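Understanding the architecture of this molecule
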Amino acid sequence: MLRHSFLILAVTVGLASMPAMAAEDTLPPHAPAAGWPQAGAFGTYDRASLQRGFQVYKQVCSLCHSLKLLAYRDLTDLGFSEAEVKAIAAEATIHDGPNDNGDMFDRPGRPSDFFVSPFPNDQAARAANAGALPPDLSLMAKARHGGESYIYSLLSGFGQTPPAGETIPSGMNYNPYFPGHQIAMPPPLRDDAVAYADGTKATVEQEAKDVAQFLAWAAEPKMEVRKQTGLKVVLFLIVFAGIMYGVKRKVWSKLP
Amino acid sequence: MASSERVNFKNPVIKWVDERLPLFSLMHKEYAAFPTPKNFNYLWNFGALAMFMLVAMIATGVFLAMYYTPSTDHAFNSVERIMRDVNWGWMIRYIHMNGASMFFIAVYVHIFRGIYYGSYKKPRELLWILGVIILLLMMATAFMGYVLPWGQMSFWGATVITNLFSAIPLVGDKIVTWLWGGFSVDNPTLNRFYALHYLLPFVIFAVVFLHVAALHISGSNNPTGIDPKSAKDTVPFHPYYTAKDCFGLTVFLIFYALVVFYAPNALGDPDNYIPANPMVTPAHIVPEWYFLPFYAILRSFVWDIHIPFTHVVLISSKLGGVILMFGAVAMLLILPWLDKSPVRSAMFRPLYKKLFWVFVVACLVLGYIGGKPPEQPYVFIGQIATFVYFAFS
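Going along each chain's sequence as written, the residues are numbered from 1 onward. Chains carry letters and ligands carry numbers; both start at the beginning, A for chains and 1 for ligands, and go up in the order they are written. Residue-level local features of this predicted model are given only where pLDDT is at least 70; pairs of side-chain atoms are given and counted only at 80 or more, and the full residue set underlies all totals for whole chains, interfaces and linings. Working from all heavy atoms in the structure, the side-chain values ignore hydrogens and water.

1. What about the overall build of chain A?
Filter applied, for reference: Here a strand is any run of E in DSSP of at least two residues, a helix any run of H or I of at least four, and the numbering for each starts at the N terminus. The globule rule used for comparison is 2.2 Å times the number of residues to the exponent 0.38, while the radius of gyration itself is calculated over C-alpha atoms. Residue contacts are counted whenever heavy atoms from the two residues lie within 4.5 Å of one another. Residue burial considers only the protein chains on display, and all accessible areas are found by Shrake-Rupley using a 1.4 Å probe. Charged residues are defined narrowly, with Lys and Arg counted positive, Asp and Glu counted negative, and His plus the chain ends left uncounted. Charged groups are reduced to one reference atom each: NZ for lysine, CZ for arginine, CG for aspartic acid, CD for glutamic acid.
Tallying secondary structure elements over chain A gives seven helices and four strands in all. Over its C-alpha atoms chain A spans a radius of gyration of 25 Å, topping by over 25% the 18 Å that the globule rule assigns to 256 residues. With the principal axes as the frame, chain A shows a C-alpha extent of 85 × 55 × 45 Å. In chain A, 62% of the contacts between residues at least 6 apart in sequence involve partners at least 24 apart. Accessible surface, chain A as shown: approximately 14,000 Å² in total, 61% of it carbon and sulfur. A gap of 15 Å separates the mean positions of the 23 positive and 25 negative side-chain charges of chain A.

Set out below in structure tokens:
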């Protein structure tokens, strides 16, 4: 009887494993053609790409999106010198206080400050964006399936025409990578939106790639240390396992 | 302990301590000289691996607790501070987060070993019951631990599971309000989950002590299920099983290290990197993988049971699911009395062996179903697998 149930189970599982295709399915995210430099067990971030991505964030994204979990001092990881980081921080205005008179005051940023948000609170952000809340980007590369590939696909996936039967209400934008195919964010990137400091040609695809890598770093700044430590740990353990196996064999050979 | 059982230690310091508190003699009796069957396979390693994981989780947990803030305003950001600014914080956090998964892997293999080889049968019934109690405590600890980072999945998983208690007739809603400390999952809930999450591992530690003590009364089972007849069938635990367990532990650690250092978020849900928002429900609320089979059983009960010919609901589908879900663990608890065969090990029970593997497949199918949305045909498959799970008993 159980064997019979098992058979029914197997057949049903087999039938169920055929995927259901629906027009509403989001497109799976894809990595750029050259792949990600940080992928794989030995991957590292591309510092030049990170700096370009930071420039894209600063000049385009930071107008609406906050990066609250990062501090300006974290930017030394990108290859900036301390002086450059001080200068970047000083460009921001921090609302601080109270001073000894009890008043709040504005001052230029310091490396120890966290990134300044474009809006003082969520309600102000919604009011400025037709009711939609631009999410904080500090963890975006870990908070979505597909990570930085999702960010890259989303940003370079604007501008397509929706298929017949899908109507996009006014105020929304069509993007097949976003669940539901409509996103409130208008296409943020265009060719030459940024003039790259290192002279790289700023196509939408390049900007999307660089900012996605920057956000991957922002979500996981310790990735490279993690992989380096992992290499040392795993190599040690493999050698140690070999030694322990030898010990085990020697001990067990003593059996009468 | 009778003084005649004391070991004669050469080191004068150890001898001095041992005369006053025979800890060293105890350790020698229970972990060095202890006669252990010599035919263990590597499945017998997993109890020791589980003990190692308990110690690892307590150690990493204590260090995390030094930086974590159990308040809804600060919990998420305090965890991110550990990941970014605390020296080696990312490593301690990933070890703790993935350690829960490794702990459950070790314990599930350990349990399946017990079911296959009849380790729950006389005289080890109490040992088995203590083990199931450890499993229940582990499940409670893991559930509360997952709530602590206060991500979307933390909050909504807590909401779903605490709401289950409202299925209890008459007093359900009051119990849920009492558990929450309010009218929804909020700051009091987070605070008490933190307190209990810190406490329960030490309760687990105590029950593990009883579990090992009970084992040392009956002695270990072995793959044949046949009791050792003489000293020729056993070896002292040290050095034979200390060496073998160390090797097994190292292999286990290689796998653990690969996960922690190269795929630390593979077993988790990206939604938990979004701060908890009571106003936004995730598209799919899914528990961690080790709870998926129970989640599938919970969702497979879709009928209300009425008093015949009336609209009065005797057992709602919610209550039915809850009963089945706890029943799945309760079934483990009474296993020594469900299976009365005098033959212990599946090595000599060909029909039981086949049914066992059917049971394993049912558990894996339930795990897969638990991760899927509660739509057809997943619901139907889940119901069949639930039936098979209980039919196994």
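That was the structure; now back to the text.
2. Side note on the environment of W217 of chain A
Residues and elements named next belong to chain A. As for its placement among the helices and strands, W217 is situated in helix α6 (residues 204-219). In this structure, the C-alpha to C-alpha distance between W217 and L50, residues 167 residues apart in sequence, is 7.7 Å. Among all residues touching W217, those that are not within four sequence positions of it are Y45, L50, L70, D74, D77 and L78.

3. Re the packing of helix α2 (residues 47-59) of chain A against α6 of chain A
Residues and elements named next belong to chain A. Rules: To define axes, lines are fitted to C-alpha atoms, for helices over the stretch in contact only, and angles between the resulting N-to-C directions are given on a 0 to 180 degree scale. When an angle is under 35 degrees it counts as roughly parallel; over 145 it counts as roughly antiparallel; between 65 and 115 it counts as roughly perpendicular; any other value is oblique. Under the scheme applied, nonpolar residues are Ala, Val, Leu, Ile, Met, Phe, Trp, Tyr, Cys and Pro; charged residues are Asp, Glu, Lys and Arg; polar residues are all the others, including Gly.
The contact between α2 and α6 brings their axes to 7 Å, and the two run at 100°. Classified by the angle their axes make, α2 and α6 are roughly perpendicular. Residue-level inspection shows S49, L50, R52, G53, F54, V56 and Y57 of α2 in contact with α6, the latter providing Q206, E207, D210, V211, Q213, F214 and W217. Residue composition of the contact of α2 with α6, grouped by class: seven nonpolar, four polar and three charged.

4. What to know about the environment of Y256 of chain B
All names here are of chain B. By the element assignment, Y256 lies in helix α10 (residues 237-262). Each C-alpha atom of the pair Y256 and Y42 lies 17 Å from the other, and the pair is 214 residues apart in sequence. Among all residues touching Y256, those that are not within four sequence positions of it are M53, I95, N98, G99 and M102.

5. Some remarks on the side chain of R349 of chain B
Residues and elements named next belong to chain B. Stated formally: Throughout this description, buried means an accessible area under 20% of the type-specific maximum (1.4 Å probe, protein chains only), exposed means over 50%, and partly exposed covers the range between.
As for its placement among the helices and strands, R349 is situated in the loop between α13 (335-338) and α14 (350-370). Judged by its relative accessible area of 12%, R349 is buried. If we ignore the near neighbours within four places in the chain, the residues touching R349 are Y120, K121, D339, S341, V343 and R344.

6. Comments concerning the confidence of the model for chain A
All names here are of chain A. Here is the rule we go by: By definition, pLDDT measures how confident the predictor is in each residue, and it falls between 0 and 100.
When pLDDT is averaged along chain A, the result is 89, and 91% of the positions lie at 70 or above. Model confidence for chain A, summarised as mean pLDDT per element, is weakest for helix α1 (residues 2-16) at 42 and strongest for helix α7 (residues 223-252) at 97. Note on residues 1-23: pLDDT under 50 across the span, and 21 contacts to partners over four residues away in sequence or across chains.

7. Concerning unusual backbone geometry
The omega torsion of the bond from K122 of chain B to P123 of chain B falls at 0°, within 30 degrees of zero and hence cis. Tracing the sequence through the fold places P123 of chain B in the loop between α5 (89-117) and α6 (125-147). The phi torsion at A130 of chain A lies on the positive side, around 55°, for a residue other than glycine. Mapped onto the secondary structure, A130 of chain A falls in the loop between α4 (122-128) and α5 (147-156). Even without glycine at this site, L170 of chain B takes up a positive phi of about 70°. Tracing the backbone through its elements, the reader meets L170 of chain B in the loop between α7 (152-163) and α8 (172-180).

8. What about the pattern of salt bridges?
All names here are of chain A. Keep this limit in mind: Think of a salt bridge as a Lys or Arg side-chain nitrogen and an Asp or Glu carboxyl oxygen that are within 4 Å of each other.
In this structure the tally under the stated criterion is 18 salt bridges over all chains. One salt bridge connects D210 with R52, and the closest N-O pair in it is separated by 2.9 Å. Taken together, the residues D210 in helix α6 and R52 in helix α2 connect sequence positions 158 residues apart. Residue classification places D210 among the buried residues on the basis of a relative accessible area of 0%. Among the residues examined, R52 registers a relative accessible area of 11% and is labelled buried. A salt bridge links E220 to K142; the shortest N-O distance between them is 2.9 Å. You can see E220 sitting in the loop between α6 and α7 and its partner K142 sitting in the loop between α4 and α5, a full 78 residues away along the chain. E220 sits in the buried class, given a relative accessible area of 10%.

9. Some thoughts on the packing of aromatic side chains
All names here are of chain B. Our working rule: The criterion for an aromatic pair is that two Phe, Tyr or Trp rings (for Trp, the six-membered ring) have centres within 6.5 Å, with stacked assigned to planes under 30 degrees apart, edge-to-face to planes over 60 apart and tilted to the rest. Placement of a positive charge over a ring is assigned whenever Lys NZ or Arg CZ falls within 6 Å of the ring centre and within 35 degrees of the normal to the ring plane.
Under the defined criterion, the tally for this structure stands at 40 aromatic pairs over all chains. Relative to F261, the ring of W90 has its centre 6.3 Å away and its plane inclined at 80°; by these criteria the two rings are edge-to-face. Here F261 lies in helix α10 and W90 lies in helix α5, a separation of 171 residues in the sequence. Of the residues examined, F261 reaches a relative accessible area of 5% and is grouped as buried. Both rings, one in W150 and one in F155, keep their centres 5.6 Å apart while their planes meet at 90°; by these two values the pair is edge-to-face. What makes F155 buried here is its relative accessible area of 5%. The ring centre of Y42 lies 4.5 Å from the NZ or CZ of K244, which sits over that ring. Geometry around Y352 places R349 over its ring, the cationic atom sitting 4.0 Å from the centre.

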